[in-house]
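Inside the fold
In case you want the letters, here they are:
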Amino acid sequence: MSPVRTMKGPNILITGTPGVGKSTLAQQLSEHSGLEWINVGDLAKDNNYFDGYDDERDCPVLDEDKVLDELEDKIAEGGNIIDYHGCDFFPERFFDIVFVLRTNNTLLYDRLAARGYQGKKLEDNVECEIMAVLRDEAKESYEEQIVHELESNTFEDMENNLQRILAWITAWKRENGC
Ligand SMILES: Nc1ncnc2c1ncn2[C@@H]1O[C@H](COP(=O)(O)OP(=O)(O)O)[C@@H](O)[C@H]1O
């Protein structure tokens with residue numbers, strides 16, 4: 001059952017492999033809908049919500065408990081777009097809907113290379129997308145009917161995704177009286 005949040009709007013999760021376009025889409029969604037965009041990576045960086053360093057993945061380890069403590073009140077108020085390349089640590093009750101962005105592996109390779117990823121980190125992330133790791137994580141963590149896969153290969157895809165989610169937000173607000 002979807003939790004009822006009548007004050008500010010729905011809570012939306014945008015997830016997927018790094019480079020699929022989560023932040024670009026989430027930022028635009030926020031601008032057009034007035035919902036608050038929370039980039040969990042930036043939140044962790046700004047507050048040092050890390051617990052060690054993962055040498056194999058070449059990235060800091062997220063302190064999930066601190067992130068969840070920080071998000072709890074905001075989620076209770078509603079009206080958030082949460083953007084993160086992982087989702088199994090968020091409680092199921094957090095989200096009204098989950099979008100998993102998907103990108104063709106050749107395009108993703110180029111985007112991550114342009115971001116400066118190389119070697120094993122680049123290969124691991126492209127493989128993560130090929131194996132649909134984040135899609136499966138979302139499907140295992142949330143009720144299947146609230147998890148939606150969206151193609152994010154082109155800017156036309158992004159525009160379509162933006163319009164589709166904005167329409168969903170409008171319908172959600174109407175149904176929930178806010
Ligand atoms: N649908 C898309 N089509 C083409 N390029 C995109 C698309 N979405 C994102 N990009 C580009 O890909 C790069 C990574 O996007 P970003 O939003 O930072 O991804 P993420 O937040 O998933 O890591 C950026 O340069 C962005 O402009």
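Notes on the structure follow. All of these numbers come straight from a predicted model, not from anything done at the bench.

Moving on to the state of the cysteines. One pass over the structure, following the stated rule, counts 0 disulfides. Cysteine 128 provides the cysteine sulfur closest to cysteine 87, a residue in no disulfide bond, and the two sulfurs are 11 Å apart.

Before going further, it helps to examine the sheet that holds strand 5 (residues 80-83). Read from one edge of the open sheet, 5 strands run 2-5-1-6-7, paired in parallel fashion. For this open sheet the edge positions go to strand 2 (36-39) and strand 7 (147-151), each flanked by a neighbour on one side alone. Between one strand axis and the next, the sheet turns through 20 degrees on average, direction left out of account. Where strand 1 (residues 11-15) lies against strand 6 (residues 97-102), 4 bridges are found, and the strand directions are parallel. When the sheet's bridge partners are listed, isoleucine 12 is paired in strand 6 with isoleucine 97. On top of the sheet, helix 2 (residues 40-47) reaches strand 2 and strand 5; it is set at about 65 degrees to strand 2, its chief contact.

A cluster of acidic side chains, namely Glu64, Asp65, Asp69, Glu70, Asp88 and Glu140, defines a negative patch on the protein surface. When residues in the negative patch are grouped by element, the largest group, 4 residues, is from helix 3 (residues 64-77). By the secondary structure assignment, aspartate 65 is in helix 3. Residue aspartate 65 is classed as exposed on the basis of its relative accessible area, which comes to 57%.

Bringing the site of the ligand into the picture now. In the neighbourhood of the ligand, 15 residues make up the surrounding shell, with Gly19, Lys22, Thr24, Arg115 and Thr154 lying closest. A distance of 2.8 Å separates an oxygen atom of the ligand from a polar atom in the backbone of glycine 19. For the ligand, a nitrogen atom lies 3.1 Å from a polar atom in the side chain of serine 152. Relative to its free-state accessible area of 560 Å², the ligand is covered by the protein chains to the extent of 76%. The site holding the ligand turns out to be the largest pocket. Broken down by secondary-structure element, the contributors of at least two residues to the shell around the ligand are helix 1 (22-33) and helix 7 (155-175). Looking at the shell around the ligand element by element, the count peaks at 3 residues for helix 1. Of the residues in the shell around the ligand, the class split is 4 nonpolar, 8 polar and 3 charged.

Think of a ball as big as a water molecule: rolled over the atoms, this probe shows where empty space is left. Size it by volume and the largest pocket reaches roughly 1,500 Å³. Lining of the largest pocket is provided by 47 residues; of these, Pro18, Tyr84, His85, Tyr117 and Asn125 occupy positions nearest its centre. Those elements that place two or more of their residues in the lining of the largest pocket are helix 1, helix 2, strand 3 (50-54), strand 4 (59-62), helix 4 (105-114), helix 5 (119-130), helix 6 (133-141) and helix 7. When residues in the lining of the largest pocket are grouped by element, the largest group, 6 residues, is from helix 5. Across the lining of the largest pocket, the residue classes tally to 19 nonpolar, 12 polar and 16 charged.

Here we take up the pattern of salt bridges. If you walk through the whole model with that rule in mind, you get 10 salt bridges. The closest approach of N and O atoms between glutamate 77 and lysine 8, which form a salt bridge, is 3.0 Å. Here glutamate 77, found in helix 3, pairs with lysine 8, found in the segment before strand 1; they are 69 residues apart in sequence, far enough to count as distant. With a relative accessible area of 36%, glutamate 77 lands in the partly exposed category. Among the ionic pairs, arginine 93 bridges to glutamate 72, the shortest N-O distance being 2.9 Å.

Reading guide: rules and limits
Residues numbered from 1 in each chain as written. Predicted model: local features only at pLDDT ≥ 70, side-chain atom pairs only at ≥ 80, totals over all residues. Heavy atoms only, no water. Disulfide = S-S within 2.5 Å. Pairing = 2+ DSSP bridges. Helix = DSSP H or I, 4+ residues; strand = E, 2+ residues; numbered from the N terminus. Axes fitted to C-alpha atoms, helices over the stretch in contact; angles between N-to-C directions. Contact = heavy atoms within 4.5 Å. Patch = residues over 30% accessible without salt bridge, like charges linked within 9 Å, V, L, I, M, F, W, Y side chains within 5 Å. Areas by Shrake-Rupley, 256 points an atom, 1.4 Å probe, with all protein chains shown as cover. Salt bridge = Lys/Arg side-chain N within 4 Å of Asp/Glu carboxyl O. Lys, Arg positive; Asp, Glu negative; His and termini not counted. Charge placed at Lys NZ, Arg CZ, Asp CG, Glu CD. Buried < 20%, exposed > 50% of the residue type's maximum accessible area, 1.4 Å probe, protein only. Near = heavy atom within 4 Å. Polar contact = N/O pair within 3.5 Å; in protein donor to acceptor, adjacent residues only side chain to side chain. 1 Å grid on protein atoms, 1.4 Å probe; cavity = no way out; pocket = protein on both sides within 12 Å on 5 of 7 lines; lining within 4 Å. Sits in = over half its atoms within 2 Å of the grid points. Nonpolar A, V, L, I, M, F, W, Y, C, P; charged D, E, K, R; others polar. Points joined across faces, edges and corners; volume = space filled by probe spheres on them.

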